[in-house]
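Here's the letter readout for the chains.
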Amino acid sequence: MRVIVIASQKGGSGKTTLSGHLAVQAEAAGAGPVAIIDTDPQGSLAEWWNARQSTSPYFARATLDELEEDLTALAALGTKLAIIDTPPAITKAIQQVVHCADMVIVPIRPSPHDLRAAAATVELVEDIERPFVFVVNGATARAKITGDTAVTLSQYGTVAPVTLHQRVDFATSMIDGRTVMETAPESRSATEMTQLWDYVGIKLDKAVQRHGRALDTPGPGVPLAAGSEAPAPQATPRVPHIPLNTTAGRGEGRLRPHTTFGRRSYEEGRA
Ligand SMILES: Nc1ncnc2c1ncn2[C@@H]1O[C@H](COP(=O)(O)OP(=O)(O)OP(=O)(O)O)[C@@H](O)[C@H]1O
Ligand SMILES: [Mg+2]
């Protein structure tokens, strides 16, 4: 079983929307059985699922303290993919959830506040050494800040080549527990989500091939088996701050991707 965690410190970036939509699309694309797990005390994903007529994807109750055991049990039941929604925060509990991820999806709205908040999420995911991908969500077509956001983010990690635009059907489809693929299958929103899953599915396969299964690797605080050697510490570049190098939206937008405002750039950090 593979595990996708949707995480972003920023409230309202689209974590729950992506969790429900990607789970439905993954199931439709044959990657199921898919389980969704809601670790957010707000319970939005659980409420969405409760309003849903179809029982697929299925909803799995999991406890944070025993998340690994719960995921192992889901795998034993034949689940092929678990998608976990998380709260808008950076806490130890979220660290635990991210530790279980084969891949982390970080939705980001094209706004200065979201970009600034992204740094903390990236730092958390990199600390735990999990592959991650940004998804630009809620974009306005042809707005300069959308492109600028993608370029800025690409300095820090992989950005999904599919952008989700701001469209009311994403929100309205979820009122009665559905998704845009179900309420408006011919819509541009549905096409975007289908393409996003196609991309995420391939990335997920590659991530597992390259890094192995997340739950097979010892996590922070998990004792290594007797006789095994501790892995050599990796020089993981830290991202102390994501500078928003754009003044887009004020008519004079200039993106300066490698300007660092006196800080070492990410590339320098890598060298
Ligand atoms: N692409 C989009 N177009 C239109 N509305 C969207 C889009 N993405 C999300 N929304 C709406 O924005 C709001 C926030 O989205 P969502 O609940 O998915 O974010 P979240 O990151 O889970 O929020 P929280 O951090 O509070 O858990 C919801 O009302 C949702 O319907
Ligand atoms: Mg949410």
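Relevant structure appears above.
Residues numbered from 1 in each chain as written. Chains lettered and ligands numbered in written order. Predicted model: local features only at pLDDT ≥ 70, side-chain atom pairs only at ≥ 80, totals over all residues.

Trainee: Which residues make up helix α6 (residues 144-154), and what values go with them?
Mentor: Residues of α6 that are buried include every one of I145, T146, D148, T149, T152 and L153, and no others. Seen from one end, α6 has its buried residues packed into an arc of 165 degrees, which puts them on one side. Looking at the buried side of α6, the elements it contacts are β5 (103-108), α5 (112-127), β6 (132-139) and β7 (158-159). (Buried ≥ 20, exposed ≤ 12 C-beta atoms within 10 Å, placed from the backbone. Helix = DSSP H or I, 4+ residues; strand = E, 2+ residues; numbered from the N terminus. Arc of directions from axis to C-beta. Contact = placed C-beta atoms within 7 Å.)

Trainee: Can you explain the site of ligand 1? Please cite residues and give values.
Mentor: Around ligand 1 there are 19 residues in total, and K15, T16, T17, P88 and A171 lie nearest to it. Secondary structure elements with two or more residues in the shell around ligand 1: α1 (15-28), β6 and α7 (168-173). Looking at the shell around ligand 1 residue by residue, the class counts come to 5 nonpolar, 11 polar and 3 charged. (Near = placed C-beta within 6 Å. Nonpolar A, V, L, I, M, F, W, Y, C, P; charged D, E, K, R; others polar.)

Trainee: Account for the environment of V136, naming residues and giving values.
Mentor: Summarising the element assignment, V136 is placed in strand β6. Under the C-beta neighbour-count criterion, V136 is labelled buried, with 23 such atoms within 10 Å. Distance in space between the C-alpha atoms of V136 and P107 is 5.9 Å, their sequence separation being 29 residues. When neighbours within four sequence positions are excluded, V136 is seen to be in contact with I108, P110, T146, T149, A150, V159 and T163.

Trainee: Run through the environment of T183, naming residues and quoting values.
Mentor: Within the element layout of this structure, T183 appears in helix α8 (residues 180-183). Judged by local crowding, T183 falls into the partly exposed class, with 17 C-beta atoms found within 10 Å. With 11 residues separating them along the chain, T183 and T172 place their C-alpha atoms 9.0 Å apart.

Trainee: How would you summarise helix α9 (residues 188-211) if you had to cite specific residues and measurements?
Mentor: Compared with an ideal rise of 1.5 Å per residue, which puts 24 residues at 34 Å, α9 spans 34 Å between its outermost C-alpha atoms and is within 8% of the ideal. Within the sequence span of α9, burial applies to S189, A190, E192, M193, L196, W197, V200, L204 and A207. (Expected span 1.5 Å × (residues − 1).)

Trainee: Break down unusual backbone geometry for me, with residues and values.
Mentor: In this structure, P33 follows G32 across a cis peptide bond, with omega equal to 5 degrees. As for its placement among the helices and strands, P33 is situated in the loop between α1 and β2 (34-38). With an omega dihedral of 0 degrees, the bond running from S56 to P57 counts as a cis peptide bond. Looking at the element boundaries, P57 is found in the loop between α2 (44-50) and β3 (58-59). Positive phi values are uncommon outside glycine, yet E129 reaches one of about 60 degrees. Tracing the backbone through its elements, the reader meets E129 in the loop between α5 and β6. On the basis of neighbour counts, which here come to 15 C-beta atoms within 10 Å, the residue E129 falls in the partly exposed class.

Trainee: A description of the pairing of β5 should follow, citing residues and the corresponding values.
Mentor: The buried count for β5 comes to 6 of 6 residues, which makes it a mostly enclosed element. Burial along β5 is two-sided: M103, I105 and P107 and V104, V106 and I108, pointing in opposite directions, are all buried. Alignment of strand β1 (residues 2-6) against β5, held across 3 bridges, turns out to be parallel. In the sheet register, I4 faces β5, and the bridge partner there is M103. For the handedness criterion, the β-α-β arrangement of β5, α5 and β6 is classed as right-handed. (Pairing = 2+ DSSP bridges. Right-handed = clockwise from strand over helix to strand, strands pointing away.)

Trainee: An account of the nonpolar core is needed here, citing residue identities and associated values.
Mentor: Among the nonpolar cores identified, the biggest contains 64 residues, and I4, V5, I83, V98, V104 and I105 are the most heavily contacted of them. Residue contributions to this core peak at 7 residues, all from α9. Beyond its immediate sequence surroundings of up to four residues, I105 is in contact with I4, I6, L18, V133, V135 and V200. (Core = buried A, V, L, I, M, F, W, Y, C linked by C-beta atoms within 7 Å.)

Trainee: So, the pairing of β6: which residues are in play, and what are the values?
Mentor: Within β6, 8 of the 8 residues are buried, which leaves it mostly tucked inside the rest of the structure. Pairing between β5 and β6: 5 bridges, direction parallel. Residue V104 lies in a different strand from β6, and its bridge partner there is F132. Taken together, the 2 bridges between β6 and β7 define a ladder with parallel strand orientation. Paired with F134 across the bridge in β7 is V159. The pairing of β6 with strand β8 (residues 164-165) spans 2 bridges and is classified as parallel. If you follow A139 over to β8, its bridge partner there is H165.

That is the geometry; function is a separate question.
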